[in-house]
Amino acid sequence: MRIVTHPETMRDLARRARRSGESIGFVPTMGALHDGHAALFARARGESRRLAVSVFVNPLQFGPREDYARYPRNDLNDARICRWSGVDWLYMPTAAEVYPPGFATQVTPGPMGDVFEGEARPGHFSGVLTVVLKLLETVRPDTIYLGQKDAQQAALVMLMVRDLDLPVHVSVCPTARERDGLAYSSRNAYLSPEERARARGLPRALKAARQAVRDGADSARAILAEAKRTLTREAKPDQIDYLALVDPRTFQPLTRLDGRGLLIAAVRIGRTRLIDNMPLNAPRSRP
Ligand code: PAF
């Protein structure tokens, strides 16, 4: 595995691989790697001749009240996980290289960038799309791999790729979960044992809603009521930031599930904010 810090070197390595006809898979990350990332690497490794992973804590996607300086960083462990995962190029640029003095241009997401996660974190998705665009320009992969856990981010990247005619395929991979169902996240480490036990209530609530759909529920009200009942009972969240049934491509709320829907949730357990989601499909025919 080669660790690359300069954008020009990364660009050059990828260019040479492309010229030799090698396909490139790319997974962007902010480091603090865990098994959820490893699952993305495994998927990308299996589908591409070359695998590039970026570790870059992107200052542009942190709000003024979010602590960029305290975001967990563990370069040695990240490099170890990448090595085990068969990564060819670990790209770790500095902030000054990605955003040199005078940097001023940013991608503005459409309305989907202002709801749910975008409403809770103003400017966040502009920062995400800007860095993803810059990373795509540097690596020029055939496929970028993103996790379904950050469903709104993935939907916004897909829209940017379509709207700006970017020559890359976006592969959104299923959420990797711990044994008890909790989605892998670097934030899980902040949970106390008691909070960790409550946090399981979040995926259980999503599953309860999926069961309700299988049992015939199709109104958003019924589906959300089932999710909220289980969430309140099992997770005892300190706050529910949102719990909603949306169209997975636009994040517009649905009143009825008659095709594909996405149940999304953001809750606070103690001081930790967790997000998760569950794709829901209306059964094709109902009696
Ligand atoms: O999901 C993340 O880790 C980040 O938002 C991403 C896509 C690497 C952009 O900084």
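Along each chain, the written sequence defines residue order, and numbers are assigned to residues from 1. The model is predicted, so local features are restricted to residues of pLDDT at least 70 and side-chain atom pairs to those at 80 or more, both for listing and for counting; the totals for chains, interfaces and linings are taken over all residues. Processing note: side-chain calculations cover all non-hydrogen atoms of the structure and skip hydrogens and water entirely.

Some thoughts on the sheet that holds strand β7 (residues 239-246)
With antiparallel pairing, 3 strands are arranged side by side in an open sheet as β7-β8-β9. With one partner strand each, in any of the chains shown, β7 and β9 (272-281) form the two edges of the open sheet. The average angle at which neighbouring strand axes cross in this sheet is 10°, direction not considered. Each pair of strands is called paired provided DSSP finds at least two bridges between the two strands. Where helices and strands are cited, they refer to DSSP runs of H or I of at least four residues and of E of at least two residues respectively, numbered from the N terminus. Pairing between β7 and strand β8 (residues 260-269): 7 bridges, direction antiparallel. If you follow V246 over to β8, its bridge partner there is L262. Every residue pair with non-hydrogen atoms within 4.5 Å of one another is taken to be in contact. Throughout, an axis means a line fitted to C-alpha atoms (over the contacting stretch in the case of helices), and angles, computed between N-to-C directions, take values from 0 to 180 degrees. Against the sheet, helix α9 (residues 201-214) makes contact with β8 and β9, and its axis sits at roughly 20° relative to β9, the strand it touches most.

What about empty space enclosed by the protein?
Here a cavity is any set of points on a 1 Å grid over the protein atoms alone where a 1.4 Å probe fits but cannot get out, and a pocket is any open set with protein on both sides within 12 Å along at least 5 of 7 lines; a residue lines the site when it has an atom within 4 Å of a point. Grid points are joined across faces, edges and corners, and a volume is the space filled by probe spheres set on the points. Following the criterion strictly, the structure yields 1 cavity of 30 Å³ or more and no others. Taken as a whole, the largest cavity holds about 30 Å³ of empty space. Here the lining of the largest cavity gets 3 residues from one element, more than from any other, and that element is β9. Throughout this entry, Asp, Glu, Lys and Arg are counted as charged residues, while Ala, Val, Leu, Ile, Met, Phe, Trp, Tyr, Cys and Pro are counted as nonpolar. The remaining residues, Gly among them, count as polar. For the lining of the largest cavity, a count of residues per class yields 5 nonpolar, 2 polar and 2 charged.

Remarks on the confidence of the model for the protein chain
When pLDDT is low, close inspection of the predicted coordinates is not appropriate. Taken over all residues, the pLDDT of the protein chain has a mean of 97, while the share at 70 or more is 99%. Mean pLDDT across the elements of the protein chain bottoms out in helix α5 (residues 117-120) (96) and peaks in strand β4 (residues 89-91) (99). A residue's pLDDT is simply how confident the predictor is in it, with values from 0 to 100.

A closer look at the site of the ligand
If a single non-hydrogen atom of a residue is within 4 Å of a molecule or strand, that residue counts as near it. Taken together, the neighbourhood of the ligand is formed by P28, T29, M30, N58, Q61, V128, V131 and Q153. Contacts described as polar in this section are N or O atom pairs within 3.5 Å, which, within protein, must combine one atom able to donate a hydrogen with one able to accept it, while residues neighboring in sequence count only if both atoms come from side chains. In the model, an oxygen atom of the ligand is placed 2.6 Å from a nitrogen or oxygen of the Q61 side chain. Taking Q153, its side chain carries an N or O atom lying 2.7 Å from an oxygen atom of the ligand. Computed on the free molecule, the ligand has an accessible area of 290 Å², of which 88% lies beneath the protein chains in the complex. Counting residues per element, the ones that place at least two in the shell around the ligand are β2 (24-29) and α6 (124-139). Here the shell around the ligand is built from residues that sort into 4 nonpolar, 4 polar and no charged. Each accessible area is a Shrake-Rupley result for a 1.4 Å probe, and residues are judged covered by the shown protein chains and nothing else.

Quick word on the side chain of Q61
Structurally, Q61 can be placed in the loop between β3 (50-55) and α3 (75-84). Contact partners of Q61, with chain neighbours within four places excluded, come to M30, E66, R121, H124, G127, V128 and V131.

Thoughts on the layout of surface pockets
One water molecule sets the probe size; rolling that probe over the atoms shows where empty space is left. By volume, the second largest pocket amounts to about 240 Å³. In terms of lining residues, the second largest pocket is bounded by 14 residues, among which Q148, P248, R260, L262 and P279 are the most central. Sorting the residues of the lining of the second largest pocket by element identifies α7 (151-163), β8 and β9 as the ones contributing at least two each. Here the lining of the second largest pocket takes 4 residues from α7, the largest share from any one element. Residues belonging to the lining of the second largest pocket are distributed by class as follows: 9 nonpolar, 3 polar and 2 charged.

Side note on the pairing of β3
For β3, the buried fraction is high: 5 of the 6 residues fall into the buried class. One ladder, built from 6 bridges, connects β2 with β3; its direction is parallel. The residue bridging V27 from the neighbouring strand is V53, located in β3. The definition of a right-handed crossover adopted here requires that, viewed with the strands pointing away, the path from the first strand over the helix to the second runs clockwise. Crossover handedness for the path β2 to helix α2 (residues 35-47) to β3: right-handed. The sheet contact formed by β3 and β4 spans 3 bridges and is parallel. Paired with A52 across the strands is W89, a residue of β4. Chirality of the crossover, the property in question, places the unit of β3, α3 and β4 among those that are right-handed. Note on exposure labels: buried denotes an accessible area under 20% of the residue type's maximum, exposed denotes more than 50%, and partly exposed covers the range between, all computed with a 1.4 Å probe on protein chains only.

Notes on the sheet that holds β2
Taken in spatial order, the 6 strands make up an open sheet running β1-β4-β3-β2-β5-β6, and their pairing is parallel. This sheet does not close on itself; its edge strands, each paired only once, are β1 (2-4) and β6 (169-173). With direction set aside, neighbouring strand axes in the sheet form an average angle of 25°. Pairing of β2 with strand β5 (residues 143-147) involves 2 bridges; the strand directions are parallel. Directly across from F26, in β5, lies its bridge partner I144. Strands in contact with α6 are β2, β3, β4 and β5; relative to β2, the strand with the most contacts, it is inclined by about 150°.

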